[in-house]
Amino acid sequence: MHTLSASFVFGYHGCDAEVADKLIAGSPFKPSSNSYDWLGHGIYFWEANPRRGLDYAKELMARKSGPKIRKPAVVGAVIELRLCLDLTTLAGIEQVRIAHAELMKVFQKAGLEPPKNNPDGLRRNLDCAVINYLHEIRANQGQPAIDCVKGVFIEGAPIYETAGFHEKTHIQICVRNPDCIKGVFRVPDAFLA
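Just so we're clear, the structure is a prediction, and the values are computed from it rather than from any experiment.

Participant: Provide a residue-level description of the packing of helix 3 (residues 90-110) against helix 4 (residues 125-140), including the pertinent values.
Facilitator: It is at 8 Å that the axes of helix 3 and helix 4 come closest, and there the two elements cross at 95 degrees. Taken together, the axes of helix 3 and helix 4 lie roughly perpendicular to each other. Here Gln95, Val96, Ala99, His100, Glu102, Leu103, Met104 and Val106 of helix 3 lie close against helix 4, whose contacting residues are Leu126, Ala129, Val130, Ile131, Tyr133, Leu134, Ile137 and Arg138. Split into classes, the residues belonging to the contact of helix 3 with helix 4 amount to 12 nonpolar, 2 polar and 2 charged.

Participant: Describe in detail the packing of aromatic side chains, supporting the description with residues and values.
Facilitator: Considering all chains together, one arrives at 5 aromatic pairs under this definition. Ring centres of Phe10 and Phe185 lie 5.9 Å apart, and the angle between their planes is 90 degrees; this geometry places the pair in the edge-to-face category. With Phe10 in strand 1 (residues 8-16) and Phe185 in strand 7 (residues 181-186), the pair connects residues that are 175 residues apart, well separated along the chain. Given the relative accessible area of 47%, Phe10 is considered partly exposed. Arranged with centres 4.4 Å apart and planes meeting at 55 degrees, the rings of Trp38 and Phe153 form a pair that is tilted. Residue Trp38 is located in the loop between helix 1 (17-24) and strand 2 (43-47), and its partner Phe153 is located in strand 5 (residues 148-153); the two are separated by 115 residues in the primary sequence. Taken individually, Trp38 and Phe153 each receive the classification buried, so the pair is uniform in this respect. Three or more aromatic residues joined by ring pairs form one cluster here, namely Phe10, Tyr12 and Phe185. Arg123 extends its terminal NZ or CZ atom over the ring of Tyr36, reaching a point 4.3 Å from the ring centre. Over the ring of Trp38 we find Arg124, and its NZ or CZ is 4.2 Å from the ring centre.

Cut-offs and rules
Residues numbered from 1 in each chain as written. Predicted model: local features only at pLDDT ≥ 70, side-chain atom pairs only at ≥ 80, totals over all residues. Heavy atoms only, no water. Axes fitted to C-alpha atoms, helices over the stretch in contact; angles between N-to-C directions. Helix = DSSP H or I, 4+ residues; strand = E, 2+ residues; numbered from the N terminus. Parallel < 35°, antiparallel > 145°, perpendicular 65-115°, else oblique. Contact = heavy atoms within 4.5 Å. Nonpolar A, V, L, I, M, F, W, Y, C, P; charged D, E, K, R; others polar. Phe/Tyr/Trp six-rings, centres within 6.5 Å; stacked < 30°, edge-to-face > 60°. Buried < 20%, exposed > 50% of the residue type's maximum accessible area, 1.4 Å probe, protein only. Lys NZ or Arg CZ within 6 Å of the ring centre and 35° of its normal.

Below, the structure written as structure tokens:
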């Protein structure tokens, strides 16, 4: 956990156009609390990637389940990371590794099967449970609450044969403390082309 990186980032949230208008007008974001959320429960943003945020809203529109998207849109937000569980750092990775080991002990002691991540890489029930458990551990130990969780996700097809780069690789930010969202803005069309 640290506050060593840039303190402010731009994040982009894919949603329905009606929701985007409400957010820009000042309505609060609704945190996600799905059992498969990659970075645990919170408000999700694509860091520095408005096009990916809009693409995600389009993907949601095509799905039969999940949020109803009639007209895909994206809003931008200025996010202060504050106390960030950054999974691009060794310190962040070690915190999650420890939380996983502790959670596995809980499941073993209870004689229960732990959740599993789906092989498609999209539904990450185990990852969600581990990160949420890390928040519980910190609360039980009287440690400060984590404001944001940040991770890199390699997703999509390679961009060329044998490439180590993939079409949908991105940095995701999960805001747990809504006070970290300092402002919301409409994304100019030029950034989405």
